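For reference, the chains in residue letters:
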Amino acid sequence: MGRARGHGARAEGPGRARLPLRRSLLGRLLAVSALVAACSVAATAWIAVQTTSGAIKQEQGQNLTADARIYDTLLEYAARNPTWDGVGATVRELARESGRRVALTTQSRQPLADSATAATAPALPPQASAVVDPLSVDTVLAARGTDGQRTAADRIDPRAVGPFRLSTADSTALRRTADAEVACLNRAGIASDVVVGASGRPRVQIVGNDPERALGTRCDLAALDTPTRSEQKALDALTALADACLKRQGREGVRLNNDLSWGDPVPVTVPGEPGAVAPRPVPSPRDAPAEQAEPSVEMPERTGENDRAIASCVGTARSEQLSSYVASPALLFIGDEGGATLPGFDLSPANTAKIAGAAALVLALTVGASVFAGTRLVRPLHALTGAAQRMRDGEQPASVPVSGDDEVGRLAAAFNDMSAHRARLEEQRKAMVSDVAHELRTPLSNIRGWLEAAQDGLADPDPAFVSSLLEEAVQLQHIIDDLQDLAAADAGVLRLHPEPVGIRELLSQVAAAHQARAENAGVALTVAVAATDPEPALRADPVRLRQAVGNLVSNAVRHTPEGGRVTLSAYASDASDGGGEGDDEGKACDGTVVIEVQDTGSGIPAEDLPHVFDRFWRAEKSRSRRTGGSGLGLAIVRKLVEAHDGAVEATSTEGEGSTFALRLPAGTEPSGPDGMTPVRRS
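The structure displayed is predicted, hence computed values, not measured ones.

J.: Would you mind going over the overall build of the protein with me for this structure?
T.: Across its full length, the protein carries 14 helices and 13 strands. With 682 residues in all, the protein has 38% of them scored as buried. In the protein, 69% of the contacts between residues at least 6 apart in sequence involve partners at least 24 apart. Counting only carbon and sulfur atoms, one obtains 55% of the accessible surface of the protein, whose full area is about 38300 Å².

Dropping the structure here:
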């Protein structure tokens, strides 16, 4: 019961507990995969946002430029035409040049013109791109004049001149005058050009930033400053409208200059004409036709409040005066053929949710794939861990499934090989214990039997009796010595005393020691090393080497029938060819020394040949003393040769005989300090 509880405690102990997820291979794999996925998603999103934002900004910049040009063209059309009739051709041309859809509607969204080519035009967006109104210009989209003097407060398009537009005759006459003045300035060394404004009035523009240079010449620039009859009439009408507005506010009237300013004369700028020329006096009533003569108007006091009121009334008067000369306000829609408006990019809640959903989906797929791959990866590792723990607890080792030829599969295959090897070693250990008990039991049983017989008076203690007991004791001592040698070799403490060894002499000594046994068995024992052959150089422990060769000779004599032959030979072999007889003395000093024991006995079956050096192995399974020894002799031979950094091998042909070869390094000492050599364990 106690043993069962102890085993159960081991089974439930910390060795069997599963690792927490944060320390397990699966947990680390998931963490790394999630981190890599998150970094990948973040990097990809950042690159995509940067690239997309740059492209969108570039496209939006291009679109805004094109849209401003479209707006300015339509604004000019509205400023020059009282209605939108005939604007369709302009709209289609703008759409063709920009590659966009351009549509105009009234403020009640009644279509005026549309560049859509589809049979059924897509619905227009609810929000218009701009309102085209020359009397209320969109200062963001409107193209500024070349003079750059129009302020944000002046929202009337400068191309809307209305009644200030000159007739062809007046424009031609003024142009002749302007050309004459330019020629005069050029003769005076002042570069100048003629510039025609929106109303058709020409003006002289001096090249450079110092227009006052023309004041010192004889050129009469004031000839271009006098307003024409139509311009004066329009200016008077505008003044009357402004005065009416001021009177409604209880303020005095005002006299407007040609540039629509009030007060003292300033450099002239006719409405609709950018840029200033030389100053000119305000025309007096006597300069005007008799029918237009009016009494002079006293200018109101110049105060900030009055100026603001006058500016407001002048603006209102201009809009009222120009309203019948320009087209009515219209809604402008700019987009693609599918009906979309300007492209945009914004992180609205919907777009943010889409981005977050896509990132979460990528992370979920990554984690799912990691879980699948990690589970397949750690499943065989769990199986290996369980099998190793069962082996530790003394349970019967079992193989684990090999899932493939990858690293984990090879690890599982190596574990299965190790488990099978451990099982074989365990079987060999059990067999060895049984064999040792059997080998020791036999001589001890014989000794006990003879002694009990002598005690009971059934046997006389004569010399034959004593000789029998001595033979059993020697056999027992021989087994114990063999076991001690094997134990020392297994522990790596087998003591060697290397010295130069004469191969011919050593083989002769071994042959002499076994000559009597060979003669009794009717076996010829010979040494096949001629005195004239060069003797291989060898440095080894002569006692241990004689023991190894003696075990081979004893084994060969035992298994060779009467009339057979056992031959001992030695030769030098080059290490590069792994065998063959040496041809010169040089090879004898450089390669390997081979000692062979060859017999003409019964041979060893091929299936038994790999086991001849195993402990307690015998070809005769009955373990009879007549056909075999203790089964430790060849195992001791292998350990002794390995202690000399050599190797032993056996070849045999059943029915013809066997050959055992010891291969020892020539002319070198065994490895290990102070005569101690580590022994490779089997």
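And the narrative resumes.
J.: Whenever I open this one, the nonpolar core confuses me. Can you help?
T.: The tendency in soluble globular proteins is for nonpolar side chains to be buried as a group. Core analysis: the biggest nonpolar cluster contains 51 residues, and L507, V549, L568, I595 and L662 have the highest contact counts within it. With near-sequence residues (within four places) excluded, V549 lies in contact with L506, L507, V510, L568, I595, V597 and L662. Within the second largest apolar cluster, 21 residues are counted, among which are I70, V91, V132 and V137.

J.: Quick question: what am I supposed to make of the side chain of Q321 here?
T.: The topology assignment puts Q321 in helix α6 (residues 304-322). If we skip the residues at most four places from it in the chain, Q321 touches P163, F164, A234, A237, L238 and L241.

J.: Explain the pattern of salt bridges to me, please; I cannot follow it from the model alone.
T.: A side chain with one charge can pair with a side chain of the opposite charge if their charged atoms come near. A full pass over the atoms with the stated rule returns 15 salt bridges. We note a salt bridge from D236 to R255, for which the minimum N-O separation is 3.7 Å. One end of the pair, D236, is in helix α5 (residues 229-248); the other, R255, is in the loop between α5 and α6, with 19 residues separating them in the sequence. The buried category is assigned to D236, whose relative accessible area is 18%. Among the residues examined, R255 registers a relative accessible area of 22% and is labelled partly exposed.

J.: What is the right way to look at helix α4 (residues 168-187) in this model?
T.: Along an α-helix, a turn takes 3.6 residues, which lines up residues three or four apart on a common side. Compared with an ideal rise of 1.5 Å per residue, which puts 20 residues at 28 Å, α4 spans 29 Å between its outermost C-alpha atoms and is within 8% of the ideal. S171, L174, A178, E181, V182, C184 and L185 are the residues of α4 that are buried. On an axial view of α4, the arc spanned by its buried residues comes to 155 degrees, and they lie on one face. Facing away from the buried side of α4, by more than 90 degrees, are the exposed residues T168, A169, R176 and R187. On its buried face, α4 sits against β4 (192-196) and β5 (202-206). At the exit of α4 stands G189, carrying a positive phi of roughly 85 degrees.

J.: Honestly, unusual backbone geometry in this entry has me stumped. Any pointers?
T.: Trans peptide bonds make up the majority, and among non-glycine residues the majority have a negative phi. Phi is positive for R109, close to 70 degrees, though the residue is something other than glycine. Structurally, the position occupied by R109 is in the loop between β1 (101-106) and β2 (111-114).

The rules behind these values
Residues numbered from 1 in each chain as written. Predicted model: local features only at pLDDT ≥ 70, side-chain atom pairs only at ≥ 80, totals over all residues. Heavy atoms only, no water. Helix = DSSP H or I, 4+ residues; strand = E, 2+ residues; numbered from the N terminus. Buried < 20%, exposed > 50% of the residue type's maximum accessible area, 1.4 Å probe, protein only. Contact = heavy atoms within 4.5 Å. Areas by Shrake-Rupley, 256 points an atom, 1.4 Å probe, with all protein chains shown as cover. Core = buried A, V, L, I, M, F, W, Y, C linked by side-chain atoms within 4.5 Å. Salt bridge = Lys/Arg side-chain N within 4 Å of Asp/Glu carboxyl O. Expected span 1.5 Å × (residues − 1). Arc of directions from axis to C-beta.

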